[in-house]
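Architecture and fold: a report
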Protein chains: 2
Amino acid sequence: MKKIGNQSYSFDSPPTIVDCASIVGPKEAQGPLSKYFDLCIEDEFWGEKTWEKAESKIIKETVNTVIAKSGIPSAQIDCCFAGDLLNQCISSSFGLRELSIPFFGVFGACSAFVESMSLAAICTEAFAENTLCATSSHFCSAEKQFRFPLELGNQRPQSSQWTVTGAGSAILSKNGTGPYITMITPGKIVDMGIKDGNNMGAAMAPAFCDTLTTHFLDTGRNPSYYDAIISGDLGYVGKEIVLDIMSSKGYNIKSNYNDCGILIFDKLKQDTHSGGSGCGCCASVFSGYLFKELRARKMKKLLLIATGALMNSTSSQQGESIPGIAHAISIEI
Amino acid sequence: MKKIGNQSYSFDSPPTIVDCASIVGPKEAQGPLSKYFDLCIEDEFWGEKTWEKAESKIIKETVNTVIAKSGIPSAQIDCCFAGDLLNQCISSSFGLRELSIPFFGVFGACSAFVESMSLAAICTEAFAENTLCATSSHFCSAEKQFRFPLELGNQRPQSSQWTVTGAGSAILSKNGTGPYITMITPGKIVDMGIKDGNNMGAAMAPAFCDTLTTHFLDTGRNPSYYDAIISGDLGYVGKEIVLDIMSSKGYNIKSNYNDCGILIFDKLKQDTHSGGSGCGCCASVFSGYLFKELRARKMKKLLLIATGALMNSTSSQQGESIPGIAHAISIEI
């Protein structure tokens, strides 16, 4: 690996994303990306007694699916990076406890998928033949934990995002014919003092712009280098803020910038307010949709930047603001 | 890096642990390792209004201390790995939000310190000049979150461990004169069905033995290769189980095996039942005590294996068992 500029790195032998898998919930199945997912489950419980157990089953079966699709035996996967939104990341720990692959738990809130991909790419170049990444989220387990009991039927503000029920998983390999992870720009924590837990887009947008600007300055690339620059997940509110901030910095990304939280739900037919969010949103949109676009060469250069809000309900109750983070990976074929 | 056996890796240019720092709470200050810590705070609040904010301040000041001691400007630290026990890891996210170093959040429960050291060592060999690791825990924030309100004065079973208030931090560097991280053995999740949240030692001991046995088989080393094999943190109950399991596998580690949770508190004078635990226990015992023993060459070969219980209070309420994990690093000078 080579350092480029202050905070970006290129790979001497860019790891290939061998295959991806995704499983999503019933609401996501009604969205515009429905046909891209490996499986859409029919209800939020999927035969389990609790939403937490359902989420564990989703990430477990997503990982089983990607292993089966890749044809790589799990014994040949050297390590696994996984995380989720639940307290102490129980979705991934319980979902993957029978996997028998050396396990690194990550926490980056909704940035966890790209954080996992970045670390897996580093390990693939450094020592591993194959590595695995997986992250998940679940609307019901997240609402219950971060906001209100679902049974309360609480009204959601227009700036709020809808946590995606779903998981995505990818296998990276030293050998392959792409799509390749060619660069990473790991992000710094950025906290601009936003305190509204129902406006995560606003809290995370500054971190996204910090990482994106750093990526451009480090690499000398400009927005038009990429076929698509995709955030995960800022929603409609965050997207508007991003366009404003980037424009004030002299970057026009209007024509090729979009957001996983916007892509996954239909704005008119599905009432999600500011769009989707959660570790499973970016993970399933990439693993389901974007990866297939890359492999079909409909898209050749993608900059995927996942954003996370590093807070919990206690920190909000204690009057704290919401620190944001954003990690970028450049994927090319 | 080179793969050794199934699951262990050696470094071509072993990273040096340049310096360490540790800050602990008032109970830890009364323990046998008191003189080794950089700072012992006088009460559990340290001038903050909540225990969560106090824990954030502890990890923040620990990181500031190690940066100051190392003489390495933070702008020359390429990335940081950090984690803790609080929901969504808010201690490390909030404590390190002003650090302005690319940030990877990890979650491995009490295994987080060695997980961070392993990933930081990989990055140091792969691309980084310098990397930083830090983890923390706090008795009051942990009890409140995982068990009962402290005000209840609940009686603790004899098998329970006492979460350490404290943090440890280390800076790794490509260049230096040791102590070196020479090998890592990342662990798999092991769940033997233990459901007692007040007996973490029993839940994590099988994962420890799995990683330790794998390390011996992979490397061809035997227990006597190491001056010390230290777990973090199995306590007295876990230590007994470990000695039994390892003996049944044909390994005698009685003479050089000990546990951070046993080392940090005085068994007779301090009533902690099974000993210490928490992300801050292994972190502060290594950063305070073990690192200084290595640097003074009183100890030359250390195998540090941190163990984590990957559960939360919801999973226990839902009748789940407790998956354990253990990551090993070999540190030599």
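What counts, and at which threshold
- Numbering of residues starts from 1 in every chain and runs along the sequence as written.
- For this description, chains carry letters from A and ligands carry numbers from 1, given in the order in which they are written.
- Local features in a predicted model are, by the rule used here, given only for residues with pLDDT of at least 70; side-chain atom pairs are given and counted only at 80 or more, and totals for whole chains, interfaces and linings are based on all residues.
- Working convention: axes come from line fits to C-alpha atoms, limited for helices to the stretch in contact. Angles between N-to-C directions cover 0 to 180 degrees.
- Secondary structure elements follow DSSP: runs of H or I of four or more residues count as helices, runs of E of two or more count as strands, with numbering from the N terminus.
- Throughout this description, any angle smaller than 35 degrees is read as roughly parallel, any larger than 145 degrees as roughly antiparallel, any in the 65 to 115 degree range as roughly perpendicular, and the remainder as oblique.
- Crossing handedness is defined as follows: a turn of the near helix away from the far one that is anticlockwise and smaller than a right angle gives a left-handed crossing, while the clockwise case is right-handed.
- By definition, residues are in contact whenever their C-beta atoms, placed on the basis of the backbone, come within 7 Å of each other.
- Ten residues, namely Ala, Val, Leu, Ile, Met, Phe, Trp, Tyr, Cys and Pro, are considered nonpolar, four, namely Asp, Glu, Lys and Arg, are considered charged, and the remaining ones, Gly among them, are considered polar.
- Put plainly, a residue is buried at 20 or more neighbouring C-beta atoms within 10 Å of its own, exposed at 12 or fewer, and partly exposed in between, counting only other residues' C-beta atoms, which are placed from the backbone.
- Any nonpolar core is a set of buried residues, restricted to Ala, Val, Leu, Ile, Met, Phe, Trp, Tyr and Cys, that join up through C-beta atoms within 7 Å.
- Superposing the copies works by least squares over the C-alpha atoms of residues that have pLDDT at least 70 in both of them.
- Per residue, pLDDT measures the predictor's confidence, with a range of 0 to 100.
- Domain start and stop points were drawn from an automatic or database domain assignment.
- By definition, two strands form a pair when at least two bridges between them are found by DSSP.

What follows is about the packing of helix H6 (residues 200-219) of chain A against helix H7 (residues 235-248) of chain A. Geometry of a packed helix pair, given as the angle between the helix axes and the separation of the axes. All names here are of chain A. H7 packs onto H6 with a crossing angle of 40° between their chain directions and a minimal axis gap of 8 Å. It follows from the interaxial angle that H6 and H7 lie oblique. The crossing of H6 and H7 is right-handed. Contacts from Gly-201, Ala-202, Met-204, Ala-205, Pro-206, Phe-208, Cys-209 and Leu-212 in H6 reach Gly-235, Val-237, Gly-238, Ile-241, Val-242, Ile-245 and Met-246 in H7. A class-by-class count of the residues in the contact of H6 with H7 yields twelve nonpolar, three polar and no charged.

Here we take up helix H5 (residues 139-146) of chain A. Those residues of H5(A) not exposed but buried are A:Phe139, A:Ser141, A:Ala142, A:Gln145 and A:Phe146. Taken together, the buried residues of H5(A) touch helix H2 (51-70), strand E7 (130-137), strand E8 (162-163) and helix H10 (313-317) of chain A.

Moving on, we come to the nonpolar core. One recurring pattern in soluble globular proteins: nonpolar side chains tend to sit buried together. Ranked by size, the top nonpolar core spans 230 residues in total, and within it A:Cys80 and B:Cys80 carry the most contacts. Not counting the four nearest positions on each side in its chain, A:Cys80 is found in contact with A:Leu96, A:Leu99, A:Ile101, A:Pro102, A:Phe103, A:Phe104 and A:Leu132.

Let's shift gears to the interface of chain A and chain B. A common way to express how large an interface is: the accessible area buried when the components associate. Contacts between chain A and chain B engage 48 residues on the former and 48 residues on the latter. Secondary-structure elements contributing two or more residues to the side of chain A that touches chain B are H2, strand E5 (79-84), helix H3 (90-95), strand E6 (103-105), helix H4 (112-126) and H10 of chain A. With six residues, the top contributor of residues to the side of chain A that touches chain B is H4(A). Taken together, the residues that form the side of chain A that touches chain B break down as 25 nonpolar, 14 polar and nine charged.

Attention shifts here to the environment of B:Arg297. Inspection of the secondary structure puts B:Arg297 in the loop between helix H9 (279-295) and strand E14 (301-309). For the pair formed by B:Arg297 and B:Ala82, sequence separation is 215 residues and the distance between their alpha carbons is 28 Å.

If you rotate chain A by 180° and push it 0.0 Å along the axis, it lands on chain B with an RMSD of 0.0 Å. What the superposition gives is, in effect, a two-fold axis relating one chain to the other. Of every C-alpha in chain A, the one belonging to A:Val106 sits nearest the axis of rotation, 2.1 Å from it.

It is worth spelling out the confidence of the model for chain A at this point. On average, chain A scores 97 in pLDDT, and the residues at 70 or more come to 100%. Overall fold confidence (pTM) sits at 0.98, and the ipTM for the predicted complex is 0.98.

Residue and element names in this part refer to chain A. Partitioning chain A into structural domains gives domain 1 (2-173) and domain 2 (180-332). For domain 1 and domain 2, the distance between their C-alpha centres works out to 17 Å. Contact residues are listed per partner, giving 59 residues for domain 1 and 59 residues for domain 2. When residues of the side of domain 1 that touches domain 2 are assigned to their parent elements, the largest contribution, seven residues, is made by H4. For the side of domain 1 that touches domain 2, a count of residues per class yields 29 nonpolar, 25 polar and five charged.

Further remarks concern the packing of H4(A) against helix H4 (residues 112-126) of chain B. Between H4(A) and H4(B), whose axes approach to 10 Å, the crossing angle comes to 60°. Taken as axis vectors, H4(A) and H4(B) run oblique relative to one another. Every pair of crossing elements has a handedness; the one defined by H4(A) and H4(B) is left-handed. Side by side, H4(A) and H4(B) meet where A:Leu119, A:Ile122, A:Cys123, A:Glu125 and A:Ala126 of the first sit next to B:Leu119, B:Ile122, B:Cys123, B:Glu125 and B:Ala126 of the second. Class assignment of the residues belonging to the contact of H4(A) with H4(B) gives a composition of eight nonpolar, no polar and two charged.

Residues and elements named next belong to chain B. When you tally the buried positions in strand E3 (residues 16-24), you get nine out of nine residues, the bulk of the element. Across eight bridges, E3 lies against strand E9 (residues 166-173) in antiparallel orientation. Note that in E9 the partner of Ala-21 across the bridge is Ser-169.

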